[in-house]
Amino acid sequence: MSDDAAARVARAERRAVLHERRIDSAEEGSPFGSWFWDIARDDFTLSANAWRVLGIEECPREALGDLLVERAHADDREKLAAAMEGQRERAEPYDLEVRFATEAGYRWVRVRGYALSDDTGEVTALGGSVEDVTERAEMLEQLMESENQFRSMISAAPFPLIVTNMNTRKVIYTNAMSNDLFGVEGPDGSHKTPEFFADKEQLAEIRKELLTQGYCTGREARLRKVDGTEFWAFISCVMIEHKGEPCSYTIMHDLSERKRLEDELRQRAQFDALTGLYNRLTFADLLAGAVRETDETGKVFALMLLDLDRFKNVNDTLGHEAGDQLLIQVATRLKDMAPECCQIGRLGGDEFAILFREADRISDIHELADALISEISAPYEVIGNTVNVGCSIGIAIYPWSEGLPDELMRFADMALYKAKEQGRGCYSIVDEKLTDEAHERAKLQQDMRLALERGEFRLAFHPRMCAQSRKIIAAEALIRWEHPERGNVTPDEFIPIAEETGFITVLSRWVVQTAVFQLRSWIGMGADPVPVSVNLSAADLMLQDQAQEIGTLLSELGVPPHLLQIEMTETGLLSDRERVQEQLNEFAALGVELLIDDFGTGYSSLAYLHQFNVHKLKIDKSFVQRLTHARDALLTRQIVEIGKGLGLAVVAEGVESESQADLLTAMGCDELQGYFFNKPVTPEELIALIEAEREEERVGKRA
């Protein structure tokens, strides 16, 4: 070799060594290594980092390929050997992740290879890289395991569950129960479940709560199924992190059945079950609203009470089924005849009421009354029989007939009575003579205030019975008024006046004080009294420190709080939730129980029951009276089951027969109350009944 050639070789070797050093320096401290084999020149280079990544000492090039295959995991050898052969023989690149044995155990290495060819296609050089990816592989394995656990947790959840990515707003996980709830077919509904909130404003509120505090409190929400059907559910959400992304973890409980029951109860509470018209309670609210509107706008309205003539004959001759069919047809004619501005109700029996709003001309009222009498008097076909009935109408016009809503109702009723006196089949409008009763009402109101001073009020006690033992376990305190001139004035006569004038709070205070004093008296005489419940109105709970006042009275007289119970109607409970709940919490802290009275006749919402310290539910007597009807019996059973499911004791009032008592007991009622057992009694009679039962029990035990 000439000196020039030797010099060129030396320079090339120095450049190669320098190149290797640069590569080694660049790769130092990284998990990356590289190699290159110039086949034509038989020049093989493997960086220092590549040796370290592969976990082997330097060895001849000829033995390196076999050594790598030998050191690879048994499951990876075949694919590695095939890749290396494809690179060498066919210039095929490869990119694999392979496990190599090292002194510290197997490590994951990403191996990549490429080939260079000349114009003839012959491979002239091979190259590639190795990268230690053990940490990444282990992390992916952990993530996969975590992902599987996450999916398993969701699938195993005993309730419908949905996970939504908060950034993309996409549903990423659902379980089978959720898929069933939303009507999603197939095993995985994560890509099929739609934006399931029907109320976008509520969705925005929930998102805001999640993003600001990490969770949202449980609430009712209107959701949408895949087919577009909307339904109600109770949902709770919490923010979680999944794969580094903020997600909403939402669990839900289908409220469809409860809402259906609530709607049925609300329908029953607001509308007449037979005719579909407004019932008495709802019509009274509409009448009060009409009075307020007229006071604000001056618009005149007419209250028309309509009573069927000869209806009793239909019931007596053709039976009650015929009577019901006739009432349905009458209701249909009233709806067809009355103008759109009219609201129609059935007050009970064969008595209907019409609120004719915006009656600007008296002639409009006369024309409607004449038309109604003519239409209602036309023949009916009832169960294969032609029936003829007529009607009489009493009319009060506001504000020409001034007074509170109940007074207007009485005015119209007096006009109806006058129309019947005139021979039926006609109508009568309130005149000045009929307003004399309003003066009588004012006199009754004045007498009621004086009755407290004169000691004319007293308490009667209506026992509540244990459904199983049929023994007295509590009693309801009822106010009675013995007027020196009028005699016994029923609560239906004076309680509405007391409520309208605000005097009800005075009466309620007297009832509570008298009931507590009576309990103290029984205790003082050595008796062992049962708990006594008193009725409080919404106005009573609006009084400042009502619970504190009652608690002080119990403490001063030494009466255990559990002997006093509070009864409230649904309407009263929901009048001012925040204020009422505050008072009820104070009662609960004292140990005084709360009963919901007349359940099913007010708002009939089951959602509020768990929000208050309610202990017992009193099913209204109207349900008990219709237990022979399959639909009503089913509805009553559902109310009992829901009450029991909420941990409430259930009381049925208005029990008038043994069959009713037995059926209600079988349904799961805890307590029964009604004339079948006892009428309201005096304090002395109540204690005597209790002592007689206890003596009978003692005799039975001795026997």
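Residues numbered from 1 in each chain as written. Predicted model: local features only at pLDDT ≥ 70, side-chain atom pairs only at ≥ 80, totals over all residues. Heavy atoms only, no water.

Colleague: What am I meant to see in the environment of R110 here?
Modeller: Position of R110 among the secondary structure elements: in strand β4 (residues 105–117). Overall, the relative accessible area of 21% leaves R110 in the partly exposed class. Taking C-alpha positions, R110 is 10.0 Å from V53, a pair spaced 57 residues apart along the chain. A polar side-chain atom of R110 sits 2.6 Å from a polar atom in the side chain of D95. (Helix = DSSP H or I, 4+ residues; strand = E, 2+ residues; numbered from the N terminus. Buried < 20%, exposed > 50% of the residue type's maximum accessible area, 1.4 Å probe, protein only. Polar contact = N/O pair within 3.5 Å; in protein donor to acceptor, adjacent residues only side chain to side chain.)

Colleague: Please explain the pattern of salt bridges as it appears in this structure.
Modeller: Close approach of charged atoms allows side chains with opposite charge to pair. Overall, the coordinates contain 32 salt bridges when judged by the stated rule. Measuring nitrogen to oxygen at the nearest pair gives 3.0 Å for the salt bridge that ties E92 to R90. The class for R90 is partly exposed, based on a relative accessible area of 48%. The partner of K618 in a salt bridge is E653, and the shortest N-O contact between them spans 3.6 Å. One end of the pair, K618, is in strand β24 (residues 616–619); the other, E653, is in strand β25 (residues 649–653), and 35 residues separate them in sequence. For K618, a relative accessible area of 0% puts it in the buried group. The exposure class of E653 is buried, given its relative accessible area of 11%. (Salt bridge = Lys/Arg side-chain N within 4 Å of Asp/Glu carboxyl O.)

Colleague: Sorry if this is basic, but what is going on with the layout of surface pockets here?
Modeller: What the second largest pocket holds in volume is close to 500 Å³. Taken together, 25 residues make up the lining of the second largest pocket; nearest its centre are L64, G65, L68, M84 and R88. Counting residues per element, the ones that place at least two in the lining of the second largest pocket are β1 (32–38), β2 (43–46), α3 (61–71), α4 (77–90), β3 (94–102), β4 and β5 (123–132). Considering each element in turn, the lining of the second largest pocket owes the most residues, seven residues, to α3. Looking at side-chain class alone, the lining of the second largest pocket contains 16 nonpolar, three polar and six charged residues. (1 Å grid on protein atoms, 1.4 Å probe; cavity = no way out; pocket = protein on both sides within 12 Å on 5 of 7 lines; lining within 4 Å. Points joined across faces, edges and corners; volume = space filled by probe spheres on them. Nonpolar A, V, L, I, M, F, W, Y, C, P; charged D, E, K, R; others polar.)

Colleague: Sorry, what's going on with the environment of L590 here?
Modeller: For L590, the position within the fold is in helix α20 (residues 577–590). Sequence spacing of L590 and Q548 is 42 residues, and the spatial spacing of their C-alpha atoms is 8.9 Å. Apart from residues no more than four positions distant in its own chain, L590 is found in contact with A547, G551 and P561. (Contact = heavy atoms within 4.5 Å.)

Colleague: Explain the sheet that holds strand β13 (residues 351–356) here, please?
Modeller: What holds strands together in a sheet is hydrogen bonding between their backbones, with the strands either parallel or antiparallel. The five strands lie next to each other as β12-β13-β11-β16-β17, forming an open sheet whose pairing is mixed. Looking at strand neighbours, the two that pair on one side only are β12 (342–348) and β17 (427–429), the edges of this open sheet. On average, each strand axis in the sheet is inclined to that of its neighbour by 20°, with strand direction left out of account. The sheet contact formed by strand β11 (residues 301–309) and strand β16 (residues 390–398) spans nine bridges and is antiparallel. (Pairing = 2+ DSSP bridges. Axes fitted to C-alpha atoms, helices over the stretch in contact; angles between N-to-C directions.)

Colleague: Could you clarify how one ought to interpret a negative patch on the surface in this entry?
Modeller: Judged by side-chain charge, D545, E578, E582 and E586 come together as a negatively charged surface patch. Structurally, E586 is set in helix α20. (Patch = residues over 30% accessible without salt bridge, like charges linked within 9 Å, V, L, I, M, F, W, Y side chains within 5 Å. Areas by Shrake-Rupley, 256 points an atom, 1.4 Å probe, with all protein chains shown as cover. Lys, Arg positive; Asp, Glu negative; His and termini not counted. Charge placed at Lys NZ, Arg CZ, Asp CG, Glu CD.)

Colleague: Help me understand helix α22 (residues 630–645) in this model?
Modeller: An α-helix turns once per 3.6 residues; consequently, residues spaced three or four apart project the same way. Over its 16 residues, α22 extends 22 Å from the first C-alpha to the last, a length consistent with the 22 Å expected when each residue adds 1.5 Å. Taken as a whole, α22 has its buried residues at D632, A633, L635, T636, Q638, I639, V640 and G643. In this fold, the buried residues of α22 make contact with α8 (256–270), β23 (593–599), β24, α21 (621–625), β25 and α23 (658–667). Following α22 by one or two positions, G647 adopts a phi angle in the positive range, close to 80°. (Expected span 1.5 Å × (residues − 1).)

Colleague: What is the right way to look at the pairing of β16 in this model?
Modeller: Across a regular strand the side chains alternate sides, sitting on one face of the sheet and then on the other. Taking burial as the measure, the nine residues of β16 include nine buried ones, the bulk of the element. Here β16 shows two buried faces, one formed by G390, S392, G394, A396 and Y398 and the other by C391, I393, I395 and I397. Direction of pairing for β16 relative to β17: parallel, over a ladder of three bridges. Each residue of the ladder has a partner; that of I395, found in β17, is I429.

Colleague: Sorry, what's going on with a nonpolar patch on the surface here?
Modeller: On the surface, F36, Y114 and L116 cluster together to form a nonpolar patch covering roughly 250 Å² of accessible area. Classification of F36 as partly exposed rests on a relative accessible area of 30%.

Colleague: In this structure, what is going on with the side chain of H462? I would like to understand it.
Modeller: If you trace the backbone, H462 turns up in strand β18 (residues 457–466). Judged by relative accessible area, which is 8%, H462 ranks as buried. With sequence-adjacent residues up to four places away left out, H462 is seen in contact with A474, A475, E476, L478, Q673, G674, Y675, N678, K679 and P680.

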